[in-house]
Amino acid sequence: MFKAIGVILRHEIRDFIRDRSTLKTMFLLLIFMPILFSYIIGDLGNMVQDAREKDKIVGYVDSARIKDMLPFLRQQGLKLVPVKTVDKKTFSDQKLDALIRERPKDHLDSPDLYQANIELWTSGTNQKQMLGARYIQNMIASYGQMMGKRMMIMRGVSPQLSEPIHLETKSISSDNSSGFATLDLLISLFGMAIFYSTLHLAVDTTAGERERLTLESLFYTAAPRSAFVFGKWLLVTGMVFFASWLVGTIFWMLGEFSIFQEVLGRTETFPYSQVLKGLIIFFPLCPMIAAMQIMIGSLSQSVKQAQAFNGVSGLLSLPLSFLLFVEDVKALTYVPIFGQGLAFRSILHGEEFNAQALLVTEVSTIALAAIMLGLVLRRFNREKIIYSG
């Protein structure tokens, strides 16, 4: 039995290597994905850096309270532009990062004559626009605190009373030099490599061989049909794992070496041990995805149908790209794909993870792979040989 599996595995490897055009395309895609993601990270980092270093242009509607704070804002390096109204045309014409104006008090406001109601307007709510607005907001808040402490000193009151508790936030986790986007994109890369790297290979070993009638010729041999199932499955599983290792390693290299950092603008990096941890955590997904893709290929009536269904099944990788939004749903840590992704994300960010939930997820993933392999074996046992007698 094991000898027959080895023979089938060598046969599948030779067929795969012989199809050089597909092999080149697959490797080019696996190499291109980390480069594209690294460019996205570098571009995002440059955008944030430009937003921070850019001279902030602030429009203001003239009033007594606004006029008092203008010297302080100029001292902080803000460029101030007087305006008349708050509208989108004013923002676009003056290229404003934000606009401030004083809102008149009404009967619901505090009667305190020293308190001013300042409105901070932005032209939108995207990350780049809000980054500049938050900076300006902090400047105005600092001015308010400074003026409040000055008034307290003039009245003989200690300014410490305005801030009786000094709060400092610290984390017990070690500081990770990798950026937030870098770590989450690494998980997405693993997901795409696992689900999409062997779509063609899995289809070709099942529906493709059936269309070319080579599958039928293999059934004439003395090898048991289970050997064909396990031989094909081992090949696809190995390629899924290799693809995951390749994209993870390239993604790590692009952030590790200065030559790539200069070209792609990427500066964040992370230890290679994180890639190895990801490979270990996602390893049970490799045989499961291989079994699923082969099962779809064996049940499909044509190569095109198998490719369509396998392409749709690749949507199962989407949870690995949106773990940020579901990390608080504890039940998902016991669900395959979600469980592996959430555990790896916690490890990347230096957080604790539920080891018991991960173990349950890994075991259930392997069980699903066994069930799907059983369906493939059943399908292969029902394959008929046209010229059987």
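In what follows, the structure referred to is the one given above.
Computed from a prediction, not measured in an experiment: that's the story for all the values here.

Throughout the structure, instances matching the rule amount to six salt bridges. Here Asp 93 makes a salt bridge to Lys 89, at a shortest N to O gap of 2.7 Å. One end of the pair, Asp 93, and the other, Lys 89, are both in helix H4 (residues 88–94), four residues apart, so they sit about a helical turn from each other. One continuous salt-bridge network, built from bridges that share partners, spans Arg 101, Arg 103 and Glu 119.

For the rest of this paragraph, the subject is the packing of aromatic side chains. All chains considered together, the criterion is met by 11 aromatic pairs. Pairing Phe 251 with Phe 270 gives two aromatic rings, centres 6.1 Å apart and planes at 35 degrees, and the pair type is tilted. Taken together, the residues Phe 251 in helix H9 (residues 225–256) and Phe 270 in the loop between helix H10 (258–264) and helix H11 (272–282) connect sequence positions 19 residues apart. Judged by centre distance (6.3 Å) and plane angle (35 degrees), the ring pair of Phe 322 and Phe 325 falls under tilted. Given a relative accessible area of 45%, Phe 322 falls into the partly exposed group.

Here the focus is helix H13 (residues 303–313). What H13 keeps buried is the set Val 303, Ala 306, Asn 310 and Ser 313. Seen along its axis, H13 keeps its buried residues to an arc of 90 degrees; they face one direction. Summarising the geometry of H13, the exposed residues directed more than 90 degrees from the buried face are Lys 304 and Val 312.

An order of S2-S1-S3-S4 is seen for the four strands of this open sheet, with the pairing classed as mixed. Looking at strand neighbours, the two that pair on one side only are strand S2 (79–82) and strand S4 (118–121), the edges of this open sheet. The sheet shows a mean angle of 25 degrees between the axes of neighbouring strands, direction not considered. In this sheet, strand S3 (residues 98–102) lies alongside strand S1 (residues 57–60) in parallel orientation, the contact comprising three bridges. Bridge pairing links Gly 59 to Leu 99 in S3. On the sheet, helix H3 (residues 64–75) packs against S1, S2, S3 and S4 and is oriented at approximately 140 degrees with respect to S3.

Packing of helix H1 (residues 2–18) against H9 brings their axes to within 8 Å, and their N-to-C directions diverge by 50 degrees. With respect to their mutual orientation, H1 and H9 come out oblique. As H1 packs across H9, the resulting crossing turns out to be right-handed. Here Ala 4, Ile 5, Ile 8, Leu 9, Glu 12, Ile 13 and Phe 16 of H1 come into contact with H9, specifically with Ala 227, Phe 228, Phe 230, Gly 231, Lys 232, Leu 234, Leu 235 and Met 239. Its residues placed into classes, the contact of H1 with H9 shows 12 nonpolar, one polar and two charged.

Phi is positive for Lys 95, which is not a glycine, with a value near 55 degrees. Secondary-structure assignment places Lys 95 in the loop between H4 and S3. Of note in this structure, Ile 337 is not a glycine but carries a positive phi near 75 degrees. Mapped onto the fold, Ile 337 is located in the loop between H13 and helix H14 (338–348).

Quick notes on the rules
Within each chain, residue numbers correspond to sequence positions counted from 1 in written order. Reporting of local features is limited, given that this is a predicted model, to residues whose pLDDT is at least 70; pairs of side-chain atoms are given and counted only at 80 or more, and all residues count toward the totals for whole chains, interfaces and linings. As a convention, hydrogens and water are excluded, and side-chain values are obtained from all of the structure's heavy atoms. When a carboxyl oxygen of Asp or Glu lies within 4 Å of a side-chain nitrogen of Lys or Arg, that pair is called a salt bridge. Under the DSSP-based scheme used, a helix requires at least four consecutive residues in state H or I and a strand at least two consecutive residues in state E, with every element numbered from the N terminus. Any two rings among Phe, Tyr and Trp, with Trp reduced to its six-membered ring, count as a pair given centres within 6.5 Å; such a pair is stacked if its planes are under 30 degrees apart, edge-to-face if over 60, and tilted if neither. Partly exposed describes any residue whose relative accessible area lies between the buried limit of under 20% and the exposed limit of over 50%, with all areas from a 1.4 Å probe on protein chains only and scaled to the type maximum. Working definition: the arc comes from the directions between the helix axis and the C-beta atoms, pointing outward to the latter. Strand pairing follows a simple DSSP-based rule, namely that at least 2 bridges must link the two strands. Each axis is a line fitted through C-alpha atoms, and for a helix only the stretch in contact is used; angles between axes span 0 to 180 degrees, taken between their N-to-C directions. A contact between two residues is defined here by any heavy atoms of the two lying within 4.5 Å. Working definition: roughly parallel below 35 degrees, roughly antiparallel above 145 degrees, roughly perpendicular at 65 to 115 degrees, and oblique for all remaining angles. Here a crossing is taken to be left-handed if its near helix is turned anticlockwise relative to the far helix by less than a right angle, and right-handed if that turn runs clockwise. Three classes are used: nonpolar for Ala, Val, Leu, Ile, Met, Phe, Trp, Tyr, Cys and Pro, charged for Asp, Glu, Lys and Arg, and polar for all others, with Gly counted as polar.

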